[in-house]
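Single-letter residue listing:
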Amino acid sequence: MAIFPPKERIWWNTPVEKTEVMWVTIALIWALVMFFMMPYWHLTGDQNLSNEAYKISADAYAEKTEKMAALYKVREEGDTGIPVVAPPAGSDVYMLGRLWEWWPVLELEAGKTYRLHLSSLDWQHGFSLLPENINIQVHPDYEMVVTVTPKNPGEYGIVCNEFCGAGHHTMVGKIYVK
Ligand code: CUA
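Residues numbered from 1 in each chain as written. Predicted model: local features only at pLDDT ≥ 70, side-chain atom pairs only at ≥ 80, totals over all residues. Heavy atoms only, no water.

(A) Spotlight on the pattern of salt bridges. Under the definition given, this model contains 10 salt bridges. When the shortest N-O distance is used, the salt bridge between Arg 75 and Glu 107 registers 3.0 Å. Within this pair, whereas Arg 75 is found in strand E2 (residues 73-77), its partner Glu 107 is found in strand E6 (residues 105-108), the two being separated by 32 residues in sequence. Here Arg 75 falls in the partly exposed class, since its relative accessible area comes to 36%. For Glu 107, a relative accessible area of 9% gives the class buried. (Salt bridge = Lys/Arg side-chain N within 4 Å of Asp/Glu carboxyl O. Helix = DSSP H or I, 4+ residues; strand = E, 2+ residues; numbered from the N terminus. Buried < 20%, exposed > 50% of the residue type's maximum accessible area, 1.4 Å probe, protein only.)

So this is what it looks like as structure tokens:
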């Protein structure tokens with residue numbers, strides 16, 4: 001027990017058990033394998049997104065998103081009249097998370113590349129794009145930028161996957177790909 005001094009005063013000369021050396025070696029090798037798999041999967045396996053993050057205030061982000069929505073709104077939909085926004089191919093597109101919605105709805109063209117910006121106006125939300133397996137934590141005061149090239153036309157759902165209060169389960173959004 002560690003609260004008593006070791007019986008053997010020169011305990012550090014005691015040879016380490018063979019099995020312990022073996023397990024430590026296995027653990028070390030496995031840790032190294034996993035470590036080098038991270039960049040490997042990033043480059044070859046579509047494992048992680050190459051995202052960027054920038055500091056931005058909630059007000060400044062809201063302003064950029066609203067400006068884009070006003071410029072490229074094509075229609076409104078649903079009971080809430082949420083705008084559907086179709087920004088030009090290749091442009092910067094903005095979506096914001098707040099209690100409790102993803103705003104606005106985006107309409108993108110298949111095969112075109114966009115810089116998708118994401119931020120929160122209040123607190124942490126999770127951007128989970130379905131049926132694709134894309135998950136991004138979205139924080140206030142930080143703008144995440146993901147370069148995306150949607151391949152398949154269709155309707156993509158966004159759900160919030162970070163618990164954000166009473167309306168968390170209603171926090172959904174949408175992206176159309178034409
Ligand atoms: Cu936003 Cu949960």
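(B) Seen up close, the nonpolar core. Counting 34 residues, the largest nonpolar core has Met 95, Trp 102, Leu 106, Leu 118, Phe 127 and Ile 175 as the members making the most contacts within it. Sorting elements by how many residues they give to this core places strand E4 (residues 92-98) first, with four residues. Discounting residues that sit within four places of it in the chain, Leu 118 has contacts with Tyr 61, Met 95, Phe 127, Ile 136, Val 138, Tyr 142, Glu 143 and Met 144. (Core = buried A, V, L, I, M, F, W, Y, C linked by side-chain atoms within 4.5 Å. Contact = heavy atoms within 4.5 Å.)

(C) Molecular detail of helix H2 (residues 58-72). Between its terminal C-alpha atoms H2 stretches 21 Å, which fits the 21 Å expected from 15 residues at 1.5 Å a residue. Every buried residue of H2 is accounted for by Ala 58, Tyr 61, Ala 62, Thr 65, Met 68 and Ala 69. End-on, the buried residues of H2 take up no more than an arc of 130°, which puts them together on one face. Away from its buried face by more than 90 degrees, H2 exposes Asp 59, Glu 63, Lys 67, Ala 70 and Leu 71. (Expected span 1.5 Å × (residues − 1). Arc of directions from axis to C-beta.)

(D) How the structure looks around the sheet that holds strand E11 (residues 154-160). Read across the sheet, seven strands follow the order E2-E3-E6-E12-E11-E8-E9 without closing on themselves; strand pairing throughout is mixed. Because the sheet does not close on itself, it has two edges, and the strands there are E2 and strand E9 (134-138). Strand-to-strand twist of the sheet, defined as the mean angle between neighbouring strand axes without regard to direction, takes the value 20°. As paired elements, E6 and strand E12 (residues 172-177) share three bridges and run parallel to each other. Its bridge partner lying in E12, Leu 106 is registered against Ile 175. Contacting E2, strand E3 (82-85) and E6, H2 crosses the sheet at an angle of about 95° to E2. (Pairing = 2+ DSSP bridges. Axes fitted to C-alpha atoms, helices over the stretch in contact; angles between N-to-C directions.)

(E) Representation of the sheet that holds strand E7 (residues 114-120). An order of E1-E10-E7-E4-E5 is seen for the five strands of this open sheet, with the pairing classed as mixed. Two strands bound the open sheet, and with one partner strand each, they are strand E1 (51-55) and strand E5 (101-103). For this sheet the average axis-to-axis angle between neighbouring strands, irrespective of direction, equals 25°. Across three bridges, the pairing between E4 and E5 is antiparallel.

(F) Structural detail: the pairing of E11. When strand E8 (residues 125-130) meets E11, the two strands line up antiparallel, connected through four bridges. Counted as the bridge partner of Leu 130 is Gly 157 from E11. In this structure, E11 lies alongside E12, joined through six bridges in antiparallel fashion. Note that in E12 the partner of Ile 158 across the bridge is Gly 173.

These results come straight from atomic positions and should not be treated as a statement about function.
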